[in-house]
Amino acid sequence: MRRTKRFAALALAAGLGLAAPFLAEDAGARPGGGHTFGGGSGSSSSSSSSRSSSSSSRSSSSSSSPWGGSSGSRSSSSSSSSGTSYYGGESPGFSGPFALVVLGMGVVFFAAGQIFRKYREAHEGWESSQTDAHEARMQAIRRRERARKKAEKEKRLRRPHRTIEAALAALGSEDRHFSRVLFEDFLYALYTEVQAARGKGTLDALGAYLAEGAIVAYSPYPAAEVRDVVIGAIHFGSIVAQSKPTRRIELEVAFEVNYTEVSADGHEQSFWVYERWTLVRDPHVQSRPPEKTRVFGCPSCGAPQGKAIGAKCRYCGAVASAGALDWTVIAIDVEGREPRGPLLTGTTEEVGTDAPTVVASDVQAKWSALTKKDPELGWSSWKARVDAIFRVFHEGWSSQNLELVRPYLSDNLFQAQRYWIETYKKQGLRNVTEDARIVSLDLARVLSDTYYDAVTVRVFASCRDYTVDEDGEVVSGSRTKERAYSEYWTLIRGAERRGAPRVDPVCPSCGAPNAEINMSGACGHCNVHITAGEFDWVLSRIEQDEAYRG
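Treat the numbers as computed from the prediction; the structure is a model and nothing was measured.

*Asks:* Looking at this model, I keep getting lost on the side chain of S486. Mind explaining?
*Replies:* On the secondary structure map, S486 appears in strand 11 (residues 483-494). The exposure class of S486 is buried, given its relative accessible area of 0%. In this structure S486 touches T353, R458, V459, F460, Q544 and D545, once residues within four positions along its chain are discounted.

*Asks:* Any chance you could explain the pattern of salt bridges here in plain terms?
*Replies:* Side-chain pairing between opposite charges can occur once the charged atoms of the two side chains come close. The final tally for this structure, using the stated rule, is 27 salt bridges. For D374, the salt bridge goes to R493, with nearest N and O atoms at 2.9 Å. Here D374, found in the loop between helix 8 (363-373) and helix 9 (379-399), pairs with R493, found in strand 11; they are 119 residues apart in sequence, far enough to count as distant. Residue D374 is classed as buried on the basis of its relative accessible area, which comes to 2%. R493 gets classed as buried once you look at its relative accessible area, which sits at 2%. Residues participating in the shared-partner salt-bridge network are R180, E184, R541 and E543.

*Asks:* Looking at this structure, how should I read the environment of D465?
*Replies:* Its place among the elements puts D465 in strand 9 (residues 452-468). Measuring from C-alpha to C-alpha, the distance between D465 and T480 comes to 8.8 Å, with 15 residues separating the pair along the chain. Not counting chain neighbours up to four residues away, the residues in contact with D465 comprise N431, V432, T433, G477, S478 and R483. Of the polar contacts made by the side chain of D465, one reaches the side chain of N431; its length is 3.0 Å.

The rules behind these values
Counting restarts for each chain, with residues numbered from 1 along the sequence as it is written. Residues qualify for local features only when their pLDDT is at least 70, as the model is predicted, and side-chain atom pairs are given and counted only at 80 or more; totals for whole chains, interfaces and linings, by contrast, use all residues. No hydrogens and no water enter the side-chain calculation; it runs on all heavy atoms of the structure. Numbering of helices and strands runs from the N terminus; a helix is a DSSP stretch of H or I covering at least four residues, while a strand is a stretch of E covering at least two. The cut-offs for exposure are 20% and 50% of the maximum accessible area for each residue type, with area from a 1.4 Å probe on protein chains only; residues under the lower value are buried, those over the upper are exposed, and the others partly exposed. By definition, residues are in contact when any of their heavy atoms lie within 4.5 Å. By definition, a salt bridge exists where a carboxyl oxygen of Asp or Glu is found within 4 Å of a side-chain nitrogen of Lys or Arg. Distance and chemistry together define a polar contact, namely a pair of N or O atoms within 3.5 Å, with one atom able to donate a hydrogen and the other to accept it when in protein, and with adjacent residues in sequence counting only for side-chain atoms on both sides.

Have a look at this one:
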């Protein structure tokens, strides 16, 4: 840039140096005497200014340089201040060498102006780019600051919690009867109901529980029927207590599921599916009692689904806006969906068996409170109950006779196990777990609410696990090699029940043999339902150790 400025200055000086002698001749000694009618040096100066103005004007017309325009303006002003001059006849200053000099000066000025213009444009462009870069940085800083403040505000308004109970408490909920056991039962039932409605094309009838955005999520998956729904696991994700703009609990629940779809032309296809649901609820809505957990009528008056038009009940007129009357699913993400049935003959390696046990921080305090409430409940007697369920479970599983284990399984878990047994039978297979035994138990979690006590233990066990076909030939696993594994088992019992757990195979209500317990979980002798923990501990959930989150 300095070289450009020096060149422009030298060019200008050279032009002025060449023009100086001729300008002096024109101003003082002109052949033939005076050149104007006015006479005198003032007229000569004025005439020179007029030519200078004309030259500048020509230069300005040939270039948009601000220098040319400014020079012309100053020359015009000088001419105006010197008075008016008149030319009489042809001026010798515009002929011969003088004309060449004037032309040369114009060329020099033009070239110098072009050089300076390019220099200035380059300089201004650099300054502009510097200004733009600085402004971009400042805008980025302001955006980050706004995002930080927004995140801080959202954090204040949307506080995460480890449990639903803690989120409810944070919002000052008046729902004192929330039960995680019943809520999980509600989720199992709602998912099954939604899939059945999807097959029937009646999802709109569940408008009190499914927002429009959730219903739309299933539009890419048309089916004439959805059946054999088996929920393998439920995982709780984020749990948020939101205070503004609407006070509500928001949580994510993930489902791992197998089900079978039937197309309009009768084709059947089994799917493995992983879905993530987002549910919301007003913190002051009261939780359902146990007898209404699996009923999906109007959440306001209880009218059946047929009385609903979307989210509005035709019977009582209540409109179930998101979370206002009960839990509402506002979003469904189908994150995984593979066209395959259960894998029955593959040999898979155990995952997570060597991982440390996930233990709730308050488990010892909660267990102490539970045994204080029921002094007859001891760790040894409770472990004996778990061991009895374990042995009968494996016996019924290996023989494909679930009647043996029916008194010890909750309704949801029993339905899942029955699905697997029927699937093995359809493929002419039988899974056998010989010499199954518990190696050790780790206490992982204790929950107590209005309706239930729930205890989760990690079961470390071993068995010889193999699958045979109809001819008794082993198709997977090993008859001789023991397989070590671990699972998380959750057992539940009614919160009002007391007494030492039983290990004898009889109805806990009337003492009749377990053979009297039917598939609905009721005793045929006393007609009392016993498989919801009404009288003794029953197995409610089995979670693989790689999937358990606590």
